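An overview of the molecular structure
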Amino acid sequence: MDTNGDSAASGKYITLVSRDGWEFVVLREATMISPTIKGMLRGQFAEAKTGRCTFPEISGVILEKVVEYFQFWYKNQDKEDVSDMDIPVELCLELLVAADYFGLDKQY
């Protein structure tokens, strides 16, 4: 148990919030593929203290797909021959920008 009173800092889940207020509660470990989120959850940043990360430049629709990817990656990280995620063509450009923002383009 956390004795400093900030259990959100080490909680199992974090909350990701889009610019339009969509909130996603996600397994913290699944988000650690993102260097951006990993950095936000370290040290004395407000996000590290609250377990809540807000992304004012990312829409709810795009953040939802990013969260889906985090979960997909976490579930399948040690598997081979995994099918691709379904990505709607109309979201591709915004998802590429989001992938760059979250550092997901540097993973493999």
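Residues numbered from 1 in each chain as written. Predicted model: local features only at pLDDT ≥ 70, side-chain atom pairs only at ≥ 80, totals over all residues. Heavy atoms only, no water.

Going by an unreviewed UniProt entry, the protein chain carries the name Elongin-C and comes from Rhypophila decipiens. Check the Function (unreviewed entry) section of the UniProt entry for the protein chain; it says "Essential component of the SCF (SKP1-CUL1-F-box protein) E3 ubiquitin ligase complexes, which mediate the ubiquitination and subsequent proteasomal degradation of target proteins. Controls sulfur metabolite repression, probably by mediating the inactivation or degradation of the metR transcription factor." Quoted verbatim from the Sequence similarities (unreviewed entry) heading of the UniProt record, the comment on the protein chain is "Belongs to the SKP1 family." (UniProt positions renumbered as here; feature names shortened; annotations may be inferred.)

**Quick notes on the overall build of the protein chain**
The helix and strand tally for the protein chain stands at five helices and three strands. A total of 108 residues make up the protein chain; the buried ones form 38% of that total. Put simply, of all contacts in the protein chain between residues at least 6 apart along the chain, 60% involve residues at least 24 apart. As displayed, the protein chain has an accessible area near 7,000 Å², and 53% of this comes from carbon and sulfur atoms. (Helix = DSSP H or I, 4+ residues; strand = E, 2+ residues; numbered from the N terminus. Buried < 20%, exposed > 50% of the residue type's maximum accessible area, 1.4 Å probe, protein only. Contact = heavy atoms within 4.5 Å. Areas by Shrake-Rupley, 256 points an atom, 1.4 Å probe, with all protein chains shown as cover.)

**With respect to helix α4 (residues 60-76)**
In this model, α4 (17 residues) spans 24 Å end to end at C-alpha, consistent with the 24 Å of a helix rising 1.5 Å per residue. Next to the buried residues of α4 lie β1 (13-18), β2 (23-27), α1 (28-31), α2 (35-40), β3 (52-55) and α5 (92-101). (Expected span 1.5 Å × (residues − 1).)

**Some details on the environment of Glu23**
Along the chain, Glu23 turns up in strand β2. Taking the C-alpha atoms as reference points, Glu23 and Gly60, separated by 37 residues in sequence, lie 8.0 Å from one another. Excluding residues that lie within four positions of it along the chain, Glu23 makes contacts with Thr15, Leu16, Val17 and Arg52. Engagement of the side chain of Glu23 in a polar contact is seen with the side chain of Arg52, the distance being 2.7 Å. (Polar contact = N/O pair within 3.5 Å; in protein donor to acceptor, adjacent residues only side chain to side chain.)

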